[in-house]
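A structural walkthrough
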Amino acid sequence: MPTSNRYQMPDPSIQLTDELIMHHIDRNSRVIDLGCGDGRLMQRLHDEMGCEVMGVEVEQSNIVAIIQRGLPAIAADLNEGLVDIPNDSFDFAVLSQTLQQVRNPKRLLLEMLRVARRALVVVPNFGHWRVRMEVLRRGRTPITQALPYEWYETPNVHFMSMRDFRDLMDGIGLRIVKESPIIKGRSVDQLWGSNLRADSAFYLLERDPSKG
Amino acid sequence: MSAQDTDQDSSNDRSDEIVQTQFVDLFQPPNLLTFASGETLGPVRVAYETYGTLNKEASNAIFICHALTGDAHAAGVHSTSDRKPGWWDGFIGPSKGIDTNKYYVICANVLGGCQGTTGPGCVNPVTGTRFCLNFPFLTVRDVVTVHSELVRHLGIKQLLAVVGGSLGGMQVLEWAILFPDQLKAAVVLASAPKLSAQGIAFNAVGRRAIYADPGFANGDYYDSEGPRYGLALARMVAHITYLSEDSIELKFGRRLQDSDRFAYSMQKETEFQIESYLHYQGKRFVQRFDANSYLYLTRMMDYFDLSEGFPSLEAALAQTKARFLVASYDTDWLFPTSQSRELVSALLHVRRHVSFIELRCPFGHDSFLIDIDPLAALVSPFLERTFESTSP
C-alpha cells in the first residue's frame, strides 16, 4: 500500500482532545457537539461537568448510540449548516477534527458562533514541516494518521495551516481567545515556530464585536 | 396500510396475546366534556385496549395515539382465529419496540371516531337520534382531553410516554402542551405542528367526494347505504398521499391487472394494477369506516395548528415538560421532514431535550406503520432511558 511509507500527520489522541476541550468549558453550561460521533465527549460533559449537552450527527447508528446514553441528538449534515439551531441557544459549540472535512469551513465557523457564544475547534496543521517536505520533495498530497486516505478518497477536503486559520479568523471577524498548538500528542501554551512544528491546534473562538 | 403485515405466525401461538376492546363512559353528567368550540357532551363512551401490566407505582404506562382511520386495536389479536392483529402489532408486544413485558400500553379510539368511541354515528342521548352532523365540532384538543381523562380513570398520574404517528403525532404534541405534567416523554413520528396547505387540499378533495355523493343525504344516511362511492373515492385519494412515487413504482409499476396487453376499451375500468389496488382500498375502507367520522376527523386535522392561541410555535412548546423524540421519513411528502425540522427547531429554541432523525424508507408517509425495525431501534432505548430516569 503506497500510504504505508508516507508521512502521516499524527492526530492528537481522543483522550487529549477531550481533556483539552473540557478544560475550556464551564460547568453547567449548554454545549452543542458537532459531529459528536457516538456521544463519548457529550457523556463526559454531562456526567462530569453537569453540562446540558446536545449532539449533531449525520450517522443514524450514532444517533441511536447517543439516545442509548439517554442524551439528545439531532441528525444533520454539517455541510448544510445549522439551520435548525436557533441563535444563541448554546454557550459552547464543539467541533473536533472535522473542520477540514466540511465543504464550507468558513460558513460552519460563523454558524457555530451564531448558535453559541464560544466555539472550540481542533484542526490539523498542514503547515507542519514534514507535510511541507512531503509536498516539496516527493510531490505528495498530505495525509493524516487517523485518516490515511489517498487524495481521491480522503474526507479531508481542506488543507490548512495554523497561519491560514488565523488569517481566516481575522477576515471573518472572529477572535481567537486561545490557541494551543498540539505537538506529539501534547498541547502546549506556547510553541516556537508552531506553524512548522505543531501537528494540530486547538482554538477557542468568539465573536469579535469590534470587527462586526 | 396492512399489506405488509399479512404474514403472521399461526395465530395459535398468540393465545397469550388475546385482548378485548374495553369500554368506559366518561364525562358523566354533570361533568360534561366541553369542546374547544364551547359545545358540551356527556357521557362520552371510550373504546380502548391495554397490553402488559401496570406496575405498582403506575410509572410504566405508555399511551398510543392512532392516526386518522386507526382504532383502539393497536396490538395483539382478538381471538385465536383472528387472522389480522392490531394495526401496530409489529411495534407493540412482548419483546418488541414497545415491550409489553416492561410497559403497560394503552390505545383508545379517538373521540368522533367510529370504532367504539362516541362519534357522529352514535345516538345522542338527549335527542334519541343519531348525531350525524349535529355532533359538536371536533378539534385535536378535544380528542386529547378525552384520552387524558381515560388515563386518569385508569389510575395513572403520569404516563411514561405518549407515542403517535401522523394525526397521532399531532395528538402527542397537543397533549404535551395541554397536560404537560401528564407525560414524561413524547414520541412524534411522521407528523407536524400543523397540517400543510397541501394536506388540507387533499382532505378537501376527500370531503368533496363524500358531500357530492347523493347517498350522503346531508349526513343523515344511517338507514340507507350512505355515501359509499364518495367515501371510497376519498380513501383512494388519501391512500395515494400515504405512498411514495418509489413505493408505487416498486409495488405496481405500469403492470396491467389481468393481461399483459392493453384492452383498448373504455368499458374496462380497471386496466392497471395500481387502479385495482386503489379500488380495493376504497371498497375495504367503506366496510369499516363512517363517512361522517371521516368528515369530522379530516376537518379536525385541517384545523390543527399547535401554535393556535399562542404568539408563536415556540411559545406553545414552552408549555411542555416532556423530553421529545421526533422522527420523519425521507419519502414522506404528506408530512415532509421540513415540518419535523420546524418542530425540532422550535423545541431547541425553548431548550427542550429533543432528539431528531430523518429515517430512510421507501414507503412514504406510511413508513411508520411498515418499517418497524429502525423505528424500534430508536424508540426502545429512548423509552428505556426515560423509564430508568424515573425509576427509584
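Residues numbered from 1 in each chain as written. Chains lettered and ligands numbered in written order. Predicted model: local features only at pLDDT ≥ 70, side-chain atom pairs only at ≥ 80, totals over all residues.

On a plain count of helices and strands, chain A comes out with seven helices and 10 strands. Its C-alpha atoms give chain A a radius of gyration of 17 Å, near enough to 17 Å, the size a compact globule of 212 residues would have. Principal-axis analysis of the C-alpha atoms places the extent of chain A at approximately 50 × 40 × 30 Å. Looking at the 212 residues of chain A, the share that counts as buried comes to 41%. Within chain A, counting contacts between residues at least 6 apart in sequence, those at least 24 apart form 64% of the total. (Helix = DSSP H or I, 4+ residues; strand = E, 2+ residues; numbered from the N terminus. Rg over C-alpha atoms; globule rule 2.2 N^0.38 Å. Buried ≥ 20, exposed ≤ 12 C-beta atoms within 10 Å, placed from the backbone. Contact = placed C-beta atoms within 7 Å.)

Attention now moves to the overall build of chain B. Looking only at helices and strands, one finds 11 helices and 12 strands in chain B. Here the C-alpha atoms of chain B give a radius of gyration of 21 Å, agreeing with the 21 Å that 2.2 N^0.38 yields for 392 residues. For chain B, the spread of C-alpha atoms along the three principal axes comes to 70 × 50 × 50 Å. Put simply, 71% of the contacts in chain B that link residues at least 6 apart link residues at least 24 apart.

The next point concerns helix α5 (residues 129-138) of chain A. For α5(A), the buried fraction is low: one of the 10 residues fall into the buried class. Just past α5(A), the residue A:G139 takes up positive phi, approximately 65 degrees.

It is common to give the size of an interface as the accessible area that goes away when the parts come together. Each partner contributes residues to the interface: chain A has 14 residues there, and chain B has 18 residues. Put simply, the parts of the chain that give the side of chain A that touches chain B at least two residues each are α3 (60-68) and β4 (73-75) of chain A. Examining the composition of the side of chain A that touches chain B, we find that five residues originate from one element, α3(A), more than from any other. In terms of residue class, the side of chain A that touches chain B is made up of nine nonpolar, four polar and one charged. (Nonpolar A, V, L, I, M, F, W, Y, C, P; charged D, E, K, R; others polar.)

Moving on to the packing of helix α1 (residues 140-153) of chain B against helix α2 (residues 167-178) of chain B. Residues and elements named next belong to chain B. Relative to each other, α1 and α2 sit at 70 degrees, their axes nearing to 9 Å. By the angle between their axes, α1 is roughly perpendicular relative to α2. Counted together, V140, R141, V143, V144 and S148 of α1 and M170, Q171, E174, W175 and L178 of α2 form the full contact between these two elements. Within the contact of α1 with α2, the residues separate by chemical class into six nonpolar, two polar and two charged. (Axes fitted to C-alpha atoms, helices over the stretch in contact; angles between N-to-C directions. Parallel < 35°, antiparallel > 145°, perpendicular 65-115°, else oblique.)

A:A93, B:I62, B:I64, B:A161, B:A186 and B:V187 are the most contacted members of the largest nonpolar core, which totals 169 residues. In this structure, this core is formed jointly by two domains, domain 1 (3-195 + 306-390) and domain 2 (202-297) of chain B, each of which donates at least three residues. If sequence neighbours within four positions are ignored, B:A161 has contacts with B:I62, B:L183, B:K184, B:A185, B:A186, B:V187, B:L383 and B:T386. (Core = buried A, V, L, I, M, F, W, Y, C linked by C-beta atoms within 7 Å. Domains from an automatic or database assignment.)

A word on unusual backbone geometry. Residues and elements named next belong to chain B. That bond from P29 to P30 is cis: its omega, 10 degrees, falls within 30 degrees of zero. Along the chain, the position of P30 falls in the loop between β1 (22-26) and β2 (33-34). Of note, the bond from G42 into P43 is cis; its omega dihedral lies within 30 degrees of zero at 0 degrees. Along the chain, the position of P43 falls in the loop between β3 (40-41) and β4 (44-51). Notably, A190 is not glycine yet its phi reads approximately 40 degrees, a positive angle. By the C-beta count within 10 Å, which is 31 here, A190 ends up buried.

What follows is about the environment of B:S276. Tracing the chain through its elements places B:S276 in helix α6 (residues 273-288). Those residues in contact with B:S276 that lie beyond four places of it in its chain are B:Q257 and B:T270.

Moving on, we come to the packing of helix α3 (residues 197-212) of chain B against helix α4 (residues 228-242) of chain B. The description of two packed helices rests on the angle between their axes and on the distance between the axes. Residue and element names in this part refer to chain B. At their nearest, the axes of α3 and α4 sit 7 Å apart, and the two run at 165 degrees to each other. Viewed along their axes, α3 and α4 adopt a mutual orientation that is roughly antiparallel. As for the relative orientation of α3 and α4, their crossing is right-handed in sense. Residues F202, V205, G206, A209, I210 and A212 of α3 touch α4, and the partners they reach there are G230, L231, L233, A234, V237, A238 and T241. Here the residues of the contact of α3 with α4 sort into 10 nonpolar, three polar and no charged. (Left-handed = near helix turned anticlockwise from the far one by under 90°.)

Before going further, it helps to spend a moment on the domain arrangement of chain B. All names here are of chain B. On domain assignment, one finds that chain B holds domain 1 (3-195 + 306-390) and domain 2 (202-297). Taking only C-alpha atoms, the centre of domain 1 and the centre of domain 2 are 26 Å apart. Across the boundary between the two partners, domain 1 contributes 21 residues, which contact 17 residues of domain 2. A class-by-class count of the residues in the side of domain 1 that touches domain 2 yields 11 nonpolar, eight polar and two charged.

Another aspect to go through is the pairing of strand β11 (residues 323-329) of chain B. All names here are of chain B. Of all the seven residues making up β11, seven are buried; the element is thus mostly covered by neighbouring parts of the structure. A two-sided burial pattern is seen for β11, the buried positions comprising R323, L325, A327 and Y329 on one face and F324, V326 and S328 on the other. Two strands pair when backbone bridges link them, and strand β10 (residues 183-189) and β11 are joined in this way by five bridges, in the parallel orientation. For V187, the partnering residue across the bridge sits in β11 and is L325. Where β11 and strand β12 (residues 354-359) come together, six bridges link them in parallel fashion. Residue pairing in the sheet places A327 in a bridge with I357 of β12. The parallel pair β11 and β12, bridged by helix α9 (residues 337-349), forms a crossover whose chirality is right-handed. (Pairing = 2+ DSSP bridges. Right-handed = clockwise from strand over helix to strand, strands pointing away.)

Our next topic: the environment of B:A315. Residues and elements named next belong to chain B. Following the sequence through the fold, A315 ends up in helix α8 (residues 313-317). The class of A315 is partly exposed, set by 15 C-beta atoms lying within 10 Å. It is 9.9 Å that separates the C-alpha atoms of A315 and I177, two residues lying 138 residues apart in sequence.

On to α9(B). Given a rise of 1.5 Å per residue, 13 residues ought to cover 18 Å, and the 18 Å separating the end C-alpha atoms of α9(B) matches this to within 8%. All of the buried residues along α9(B) are B:T337, B:Q339, B:S340, B:L343, B:V344, B:A346, B:L347 and B:L348. Contact partners of the buried residues in α9(B): β4 of chain A together with α8, β11 and β12 of chain B. Positive phi shows up at B:R351, right after α9(B), with a value of about 60 degrees. (Expected span 1.5 Å × (residues − 1).)

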